[in-house]
Amino acid sequence: SGKNTEQITLDAVLEVFQKADIPVLTASEVAEELDCSRPSAYNKLEELVDRGDIQKKKVGARAVVYIRL
């Protein structure tokens, strides 16, 4: 169920941040918003981090949030 990575554009992921009240999101939140799997959202988020469009911050032993400044 949901969309696979190829169907999700980087612009669509950035749009989720633009619509968010606070532009600090987890991969799960992005996945839920885009109706895709968490790994698909994670891959796109990591691509955006690599491009410098968003930042990544570790917030626990295994938890990470993504931030659009």
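Everything below is about the structure printed above this text.
Residues numbered from 1 in each chain as written. Predicted model: local features only at pLDDT ≥ 70, side-chain atom pairs only at ≥ 80, totals over all residues. Heavy atoms only, no water.

A.B. asks: Could you clarify how one ought to interpret helix α2 (residues 27–34) in this entry?
C.D. replies: The α-helix winds at 3.6 residues per turn, so residues separated by three or four positions along the chain end up facing the same way. By the burial criterion, the buried members of α2 are Ala 27, Val 30, Ala 31 and Leu 34. Within α2, the buried residues cover an arc of 100 degrees as seen down the axis, which keeps them to one side. Close packing links the buried residues of α2 with α1 (10–19), β1 (24–25), α3 (38–51) and β3 (64–67). At the exit of α2 stands Asp 35, carrying a positive phi of roughly 55 degrees. (Buried < 20%, exposed > 50% of the residue type's maximum accessible area, 1.4 Å probe, protein only. Helix = DSSP H or I, 4+ residues; strand = E, 2+ residues; numbered from the N terminus. Arc of directions from axis to C-beta. Contact = heavy atoms within 4.5 Å.)

A.B. asks: Honestly, the nonpolar core in this entry has me stumped. Any pointers?
C.D. replies: Most often, soluble globular proteins keep nonpolar side chains buried together rather than apart. If you look at the biggest cluster of nonpolar residues, it comprises 17 residues, and the most contacted ones within it are Val 13, Phe 17, Val 30, Leu 34, Leu 45 and Ile 54. For this core, the secondary structure elements donating two or more residues are α1, α2 and α3. Counting residues per element, this core draws most heavily on α1, at five residues. The residues contacting Phe 17, other than those within four sequence positions of it, are Pro 23, Leu 25, Val 30, Leu 45, Ile 54, Tyr 66, Ile 67 and Arg 68. (Core = buried A, V, L, I, M, F, W, Y, C linked by side-chain atoms within 4.5 Å.)

A.B. asks: Whenever I open this one, the side chain of Glu 46 confuses me. Can you help?
C.D. replies: Mapped onto the elements, Glu 46 comes out in helix α3. Sequence-distant contacts of Glu 46, that is, excluding residues within four places in its chain, are made with Lys 56 and Tyr 66.

A.B. asks: Explain the packing of α2 against α3 here, please?
C.D. replies: One can describe the packing of α2 onto α3 by two numbers: an axis separation of 8 Å at closest approach and a directional angle of 110 degrees. Between α2 and α3, the angle is such that the two are roughly perpendicular. Considering only the axes of α2 and α3, their crossing is right-handed. Of α3, the residues touching α2 (which contributes Ala 27, Ser 28, Val 30 and Ala 31) are Arg 38, Ala 41, Tyr 42 and Leu 45. For the contact of α2 with α3, the residue count by class is six nonpolar, one polar and one charged. (Axes fitted to C-alpha atoms, helices over the stretch in contact; angles between N-to-C directions. Parallel < 35°, antiparallel > 145°, perpendicular 65-115°, else oblique. Left-handed = near helix turned anticlockwise from the far one by under 90°. Nonpolar A, V, L, I, M, F, W, Y, C, P; charged D, E, K, R; others polar.)

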